[in-house]
Amino acid sequence: MPISRITIGNLGEATKPDALKAALAEFISMIFFVFPAEGCVLLFTKMITTSEQAPVMIVIAISHAFALFAAVSVGINISGGHVNPAVTFGAFVGGHITFVRSILYWIAQLLGSVVAIYLLKFATNGLEVSAHPPQFPWNAVLYEIIMSFILVYTYYATAFDPKRGNMGIIAPIAIGLICGANLLSGGSLFGAAMNPAMSFCQAVISWTWTYHWVYWLGTFVGAAIAALIYQTIFIGQNTDHEQLPITEC
């Protein structure tokens, strides 16, 4: 079972150069994702005056797909290009990253998202991205579980699986495309975001925390299910999979 591969790590790992570089890569990648993705949303919601939601949904999906593709690309060789706390949790459940390093990633991802959203606010002379709490929280949780499962499963198939071969080359674009497709599936209509860090920065800048737990519960459950299924069935217990470097103290 993948649970046997879970590694806590040690506190000394958090001070090692490779772990700090990986965390910095996640911080930078998060800015690469949040700033252009949310910037596109701000721009096009101002430009599109129709009452129909379809054009806005398409813009949101495309902007997030392109931005995530770039963000994963610039970080994948250093940190794995998670750019999402749920993806990091999925990697931890499958034994591809230690818990200590996961904490570093989560801190970097949250800080990166907040820095990006405030940079966007200052660059646009005060425009802010608003949080949109789900009207039906348990529907949003279900959407988060499904979308996060699909997203993390794609990470496993294209980036984490040691048998991926040349498939690793297209990992960033596959991940970006599945993000866009998930958003077009209607999750955004129910308040699902697929990325707790994105929801976190929106909550911080608008100070709206209503049903914020939805974005963590649903995404982490979906990520864990994807990790358990892929690691157990397709990678297997006896397969030596690639793991981000861990320095022993």
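Scoring rules and cut-offs
Residues numbered from 1 in each chain as written. Predicted model: local features only at pLDDT ≥ 70, side-chain atom pairs only at ≥ 80, totals over all residues. Heavy atoms only, no water. Helix = DSSP H or I, 4+ residues; strand = E, 2+ residues; numbered from the N terminus. Expected span 1.5 Å × (residues − 1). Axes fitted to C-alpha atoms, helices over the stretch in contact; angles between N-to-C directions. Left-handed = near helix turned anticlockwise from the far one by under 90°. Nonpolar A, V, L, I, M, F, W, Y, C, P; charged D, E, K, R; others polar. Polar contact = N/O pair within 3.5 Å; in protein donor to acceptor, adjacent residues only side chain to side chain. Contact = heavy atoms within 4.5 Å. Phe/Tyr/Trp six-rings, centres within 6.5 Å; stacked < 30°, edge-to-face > 60°. Core = buried A, V, L, I, M, F, W, Y, C linked by side-chain atoms within 4.5 Å. Buried < 20%, exposed > 50% of the residue type's maximum accessible area, 1.4 Å probe, protein only. UniProt positions renumbered as here; feature names shortened; annotations may be inferred.

1. What about helix H8 (residues 213-235)?
Right, so step 1: An ideal rise of 1.5 Å per residue puts 33 Å on 23 residues; H8 measures up with 31 Å between its terminal C-alpha atoms.
Right, so step 2: Just downstream of H8 lies Gly236, where phi reads positive at about 90°.

2. Some words on the packing of helix H5 (residues 137-160) against H8
Right, so step 1: H8 packs onto H5 with a crossing angle of 35° between their chain directions and a minimal axis gap of 7 Å. Regarding H5 and H8, the two cross each other, and that crossing is right-handed.
Right, so step 2: Of the residues contributing to the contact of H5 with H8, the split by class is 23 nonpolar, five polar and one charged.

3. What about the side chain of Glu38?
Right, so step 1: If you trace the backbone, Glu38 turns up in helix H1 (residues 17-47).
Right, so step 2: A polar contact is formed between the side chain of Glu38 and the side chain of His64, at a distance of 3.3 Å.
Right, so step 3: The contact partners of Glu38, leaving out residues within four places of it in the chain, are His64, Ile117, Leu120, Val129, Met198 and Gln202.

4. Examining the packing of aromatic side chains
Right, so step 1: Counted by the stated rule, this structure contains 18 aromatic pairs.
Right, so step 2: Ring geometry for Phe149 against Tyr153: centres 5.8 Å apart, planes inclined by 35°, an arrangement best described as tilted. With Phe149 and Tyr153 both in helix H5, this residue pair falls four residues apart, about one helical turn.
Right, so step 3: Seen from their ring centres, Tyr230 and Phe234 are 5.1 Å apart, and the 45° between their planes marks the pair as tilted. Of this pair, Tyr230 and Phe234 both sit in helix H8, separated by four residues, roughly a single helical turn.
Right, so step 4: Following the ring pairs from residue to residue traces out a cluster consisting of Phe149, Tyr153, Tyr155, Tyr156, Phe160, Tyr230 and Phe234.

5. Focus on the nonpolar core
Right, so step 1: One finds Phe33 and Val34 to be the most contacted residues of the largest nonpolar core, which totals 51 residues.
Right, so step 2: Discounting chain neighbours no more than four positions away, the residues touching Val34 are Gly39, Ser113, Ala116, Ile117, Met198 and Cys201.

6. Structural notes on helix H3 (residues 85-93)
Right, so step 1: With eight of its nine residues buried, H3 lies for the most part within the structure.
Right, so step 2: Listed as buried for H3 are Pro85, Ala86, Val87, Thr88, Gly90, Ala91, Phe92 and Val93.
Right, so step 3: For H3, the elements touching its buried residues are helix H4 (99-123), H5, helix H7 (196-206) and H8.
Right, so step 4: Sitting at the head of H3, Asn84 places a side-chain oxygen 2.8 Å from the backbone nitrogen of Ala86.
Right, so step 5: Remark: Gly95 follows H3 within two positions and exhibits a positive phi of approximately 80°.

7. Quick look at the UniProt feature "transmembrane region" (unreviewed entry) in the chain
Right, so step 1: Mapped onto this structure's residue numbering, the UniProt feature "transmembrane region" (unreviewed entry) falls at residues 22-44, 56-76, 104-124, 136-157, 169-193 and 213-235.
Right, so step 2: Secondary structure content for residues 104-124 is 95% helix and 0% strand, and the end C-alpha separation is 30 Å.
Right, so step 3: End C-alpha atoms of residues 213-235 are separated by 31 Å, and the span's content is 100% helix alongside 0% strand.

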